[in-house]
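# Structural description and commentary
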Amino acid sequence: MDKIPVYFMPGLAASPTIFENIHLPGDTFECFYLEWLLPESVNEPLSAYAARMAKDIKHNNAVLIGVSFGGVLVQEMAKLVNVRKVIIISSVRCNAEFPRRMVFAKRTHIYNIFPTGMMQNIEWLARFSVGNSKLAKRVKLYEKFLAVRDKKYLDWAFKSIINWDCETPNMEVIHIHGDEDEVFPPKYLTSFIPVPGGTHIMVLNKAKWLNEHLPELIKK
């Protein structure tokens, strides 16, 4: 029997190493890991970017799994290629599920002045984490998994997600979400498969849950 191809898309600016703890049975699944491309410009439409990314999907009827902004992207990619299933983790199905701060950012265009340049150099944040163990731990994660620090990419990414024009959720998309997600609070979501104690980075620290449930969700 042919293996089921599964493509993983990391979150905003992250590398595929965020999936290092995710292990699907090798006799059933073949895993592929997508990486962010640099946008052609800060104004490149998300649909055009998705079309470029979709060229890396080499299998028909593949499974697409995306985390956070990667979850938004795989939904756009699924409009362009034949997919078996789309699974999003710590993400949203449409812009109606955005938290109020993101709605405000879109309305006021405040994302245009977000200091994305600061994200190019994580060391500045490390200086402020001294004495704050929770922040220091988060900084270490950023240092390890933040792969794309190009300012043009970061400006494009924030602009693209804030202005995502999907207004109606696609209920065929499987949505896995932590009940303690601080970036996309569950109270704004239409429906999802809850992961107890899961935060926005649960792909890292709730890998056991994902390893136990993803195979069944893919084959179901």
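Computed from a predicted structure; not experimentally measured. (Residues numbered from 1 in each chain as written. Predicted model: local features only at pLDDT ≥ 70, side-chain atom pairs only at ≥ 80, totals over all residues. Heavy atoms only, no water.)

### A closer look at helix H8 (residues 207-219)
With 13 residues, H8 extends 19 Å between its outermost C-alpha atoms, agreeing within 8% with the 18 Å of an ideal straight helix rising 1.5 Å per residue. Of all the bends in H8, the greatest, near 35°, is centred on His213, and the proline Pro215 appears no more than four residues after it. (Helix = DSSP H or I, 4+ residues; strand = E, 2+ residues; numbered from the N terminus. Expected span 1.5 Å × (residues − 1). Bend = angle between axes of the 7 residues up to and from the residue.)

### Quick word on the confidence of the model for the protein chain
When pLDDT is averaged along the protein chain, the result is 87, and 84% of the positions lie at 70 or above. Counting contacts from residues 120-132, a segment whose pLDDT is below 50, to residues more than four positions away or on other chains yields 19 contacts. (pLDDT = per-residue confidence, 0-100. Contact = heavy atoms within 4.5 Å.)

### A look at the packing of aromatic side chains
Under the definition given, this model contains eleven aromatic pairs. A centroid spacing of 5.8 Å and a plane angle of 50° characterise the contact between Phe69 and Trp156, whose relative ring orientation is tilted. In this pair, Phe69 sits in helix H2 (residues 69-77) while Trp156 sits in helix H6 (residues 151-162), placing the two residues 87 residues apart along the sequence. Trp156 carries the same exposure label as Phe69, and that label is buried. (Phe/Tyr/Trp six-rings, centres within 6.5 Å; stacked < 30°, edge-to-face > 60°. Buried < 20%, exposed > 50% of the residue type's maximum accessible area, 1.4 Å probe, protein only.)

### Here we look at H2
In terms of residue burial, H2 counts as a mostly covered element, since nine of its nine residues are buried. By the burial criterion, the buried members of H2 are Phe69, Gly70, Gly71, Val72, Leu73, Val74, Gln75, Glu76 and Met77. On its buried side, H2 packs onto strand S1 (4-9), helix H1 (46-54), strand S3 (62-67), strand S4 (83-89) and H6.

### Section: the packing of H1 against H2
Remark: H1 packs on H2, axes separated minimally by 9 Å, with the N-to-C direction vectors making an angle of 80°. It follows from the interaxial angle that H1 and H2 lie roughly perpendicular. Here H1 contributes Leu46, Tyr49, Ala50, Met53 and Ala54 to the contact with H2, which in turn contributes Phe69, Val72, Leu73, Glu76 and Met77. (Axes fitted to C-alpha atoms, helices over the stretch in contact; angles between N-to-C directions. Parallel < 35°, antiparallel > 145°, perpendicular 65-115°, else oblique.)

### Structural notes on the sheet that holds S1
One open sheet holds the six strands; their spatial order is S2-S1-S3-S4-S5-S6, and the pairing between them is parallel. The open sheet has two free edges, formed respectively by strand S2 (29-33) and strand S6 (193-195), since each of these has just one partner strand. Looking at each pair of strands side by side, their axes are set apart by 20° on average, direction ignored. With six bridges joining them, S3 and S4 adopt parallel strand pairing. Paired with Leu64 across the two strands is Val86, which belongs to S4. Here H2 sits on the sheet in contact with S1, S3 and S4, set at roughly 150° to S3. (Pairing = 2+ DSSP bridges.)

### Observations concerning the pattern of salt bridges
Under the defined criterion, the tally for this structure stands at four salt bridges. Measuring nitrogen to oxygen at the nearest pair gives 2.7 Å for the salt bridge that ties Lys151 to Asp155. Remark: Asp155 and Lys151 occur in helix H6; sequence separation between them is four residues, near one turn of the helix. With relative accessibility at 36%, the residue Lys151 sits in the partly exposed group. (Salt bridge = Lys/Arg side-chain N within 4 Å of Asp/Glu carboxyl O.)

### A look at the pairing of S1
The buried fraction of S1 amounts to six of the six residues, a majority that puts the element mostly inside the structure. In S1, alternate side chains face the same way, and those of Ile4, Val6 and Phe8 on one face and Pro5, Tyr7 and Met9 on the other are all buried. In the sheet, S1 pairs with S2 via five bridges, with the strands oriented parallel. Each residue of the ladder has a partner; that of Val6, found in S2, is Cys31. Of the strand pairs in this sheet, S1 and S3 are connected by four bridges, and their pairing is parallel. From the neighbouring strand, Tyr7 faces S3, where its bridge partner is Leu64.

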